[in-house]
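# Remarks on the overall topology
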Amino acid sequence: MEPKIQISKPVIGKAEINAVVKILESGNLSQGPVVKELERQFAEYCGAKYAIALSNGTATLHTALYALGIEEGDEVITTPFTFVATANSIMMQRAKPVFVDIEPDTFNIDPALIEKKITKKTKAIMPVDLFGHPYDVKAVNKIAKDHGLFTVEDAAQSIGAEYKGKRTGTLADIASFSLYATKNLTAGVGGMLVTNNKKVMEKCKLFRHHGQKEDTMYEYIEFGYNYRMMDMIAAIAIEQMKKAEKLTKQRQDNAARYDKALAGIPGLILPNVKPGYKHVYHQYTLRITEEFPMSRDKFVAYMEKHNVQCKIYYPKPLHMFPHIQEYGYKPGDFPVSEQMSREVVSIPVHPLVTKEGIRRIIKLIKAIK
Ligand SMILES: *Cc1c(COP(=O)(O)O)cnc(C)c1O
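Let us look at the structure shown here. (Residues numbered from 1 in each chain as written. Predicted model: local features only at pLDDT ≥ 70, side-chain atom pairs only at ≥ 80, totals over all residues. Heavy atoms only, no water.)

## Let's talk about the packing of aromatic side chains
As a reminder, the rule being used: Two rings belonging to Phe, Tyr or Trp (six-membered ring only in the last case) form a pair when the distance between their centres is within 6.5 Å. Interplanar angles under 30 degrees mark stacking, angles over 60 mark edge-to-face geometry, and anything in between is tilted. The way it works is that DSSP assigns letters per residue, a run of H or I at least four long becomes a helix, a run of E at least two long becomes a strand, and they are numbered from the N terminus. Classification of residues uses two cut-offs on accessible area relative to the type maximum, computed with a 1.4 Å probe and protein chains only: under 20% is buried, over 50% is exposed, and between them is partly exposed. For a ring to carry a charge above it, either NZ of a lysine or CZ of an arginine must fall within 6 Å of the ring centroid while also lying within 35 degrees of the normal to the ring plane.
With the rule as written, the count across this model stands at 17 aromatic pairs. Taking the centre distance of 6.0 Å and the plane angle of 35° together, the rings of Phe81 and Phe107 count as tilted. Taken together, the residues span a long stretch of sequence, with Phe81 in the loop between β2 (75-78) and α4 (84-92) and Phe107 in the loop between β3 (96-99) and β4 (122-125) at a distance of 26 residues. Given the relative accessible area of 0%, Phe81 is considered buried. Note on Phe107: relative accessible area 5%, which makes it buried. Grouped by ring-pair contacts, the aromatic residues Tyr66, Phe207, Phe223, Tyr225 and Tyr227 constitute a single cluster. Lying over the aromatic face of Tyr45, Arg167 brings its terminal NZ or CZ to 4.0 Å of the ring centre.

Structure representation (structure tokens):
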């Protein structure tokens, strides 16, 4: 049997290991100077003024909404075709997630459907850069501007992606990144907020630490959570950032190999990249439609049998879950998201998939008759 190819695998080397050991030996385990340094580097990488490090990429979304003043009774527009954290973060502020269906070619929020969902209660639009392709920046930002709404980019999957040469993190009012184990750049856990707005940045920092005024002790000027990042996590992230460009390039090279070899297979729809965008392939997501000789679920089992792990992101859109259906959603409300849930399958594209591995995967797919 050929070696197993996993759907994701962190690229962790000696540098990350040594960085952690150094922190452990220093005895400074809490949030400290290394977190500050990561914030400086992360902001610089994105091309933004400020970055704020938090405990994870759900805490970042929650904190972003808090910092923008989203509260009980407000509505935030997002898509149901995303990881559950996107909607849960809205619910953490007791606001309502208002879903808008997606475009089938990028799996991102369909701007043409947004305006009819805007009400007096709408405060923000939260587009997701699903699988590493940024949202429709021009259209969504224009709608937000016309209606006086904030934009909160869920960039958990899109570190390094671009629209017209501008990196994610600078496209919306505030952007949220995740450093979770499967993400393009990882520290196992962690989250980063990026913004150009000083007031918003300050609010985020208060919320992260029980509302404690920065550089004071036990001086709380408002309510807050404990969403701090440890220096050890920041140290791993700093090492990862050194190879950010290389890791992205490897994903893009792998994607290009798939693009070339899998084009033109009937019933198989490959990921699209819109003009002006840079896709960072957090996932390389295929759509398996009726004309393909094998069903999507049989495809997953077939690949699995040949030791290639393929996964479905996401098998159910969020409006299908009970805690979200309490807002009145029901099956059939978002037909494109529901269709995509039936068609999508992600195949391994991460930097540790070798050229040989890519060849093996291509051969397996081409053998399907
Ligand atoms: C990973 C992810 C998050 C946040 O994840 P954490 O595990 O909390 O860091 C949020 N949104 C999307 C779309 C994600 O993929």
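## Side note on empty space enclosed by the protein
Where we set the bar: Buriedness for pockets is judged along seven lines, at least five of which must meet protein on both sides within 12 Å for an open set on the 1 Å grid over protein atoms alone, while cavities are sets there where a 1.4 Å probe fits but cannot get out, and lining residues have an atom within 4 Å of a point. Grid points are joined across faces, edges and corners, and a volume is the space filled by probe spheres set on the points. Gly is put with the polar residues, along with every residue not named as nonpolar or charged; the nonpolar set is Ala, Val, Leu, Ile, Met, Phe, Trp, Tyr, Cys and Pro, and the charged set is Asp, Glu, Lys and Arg.
If you walk through the whole model with that rule in mind, you get four cavities of 30 Å³ or more. Considered as a void within the structure, the largest cavity measures approximately 100 Å³ in volume. Of the residues contributing to the lining of the largest cavity, the split by class is six nonpolar, eight polar and three charged.

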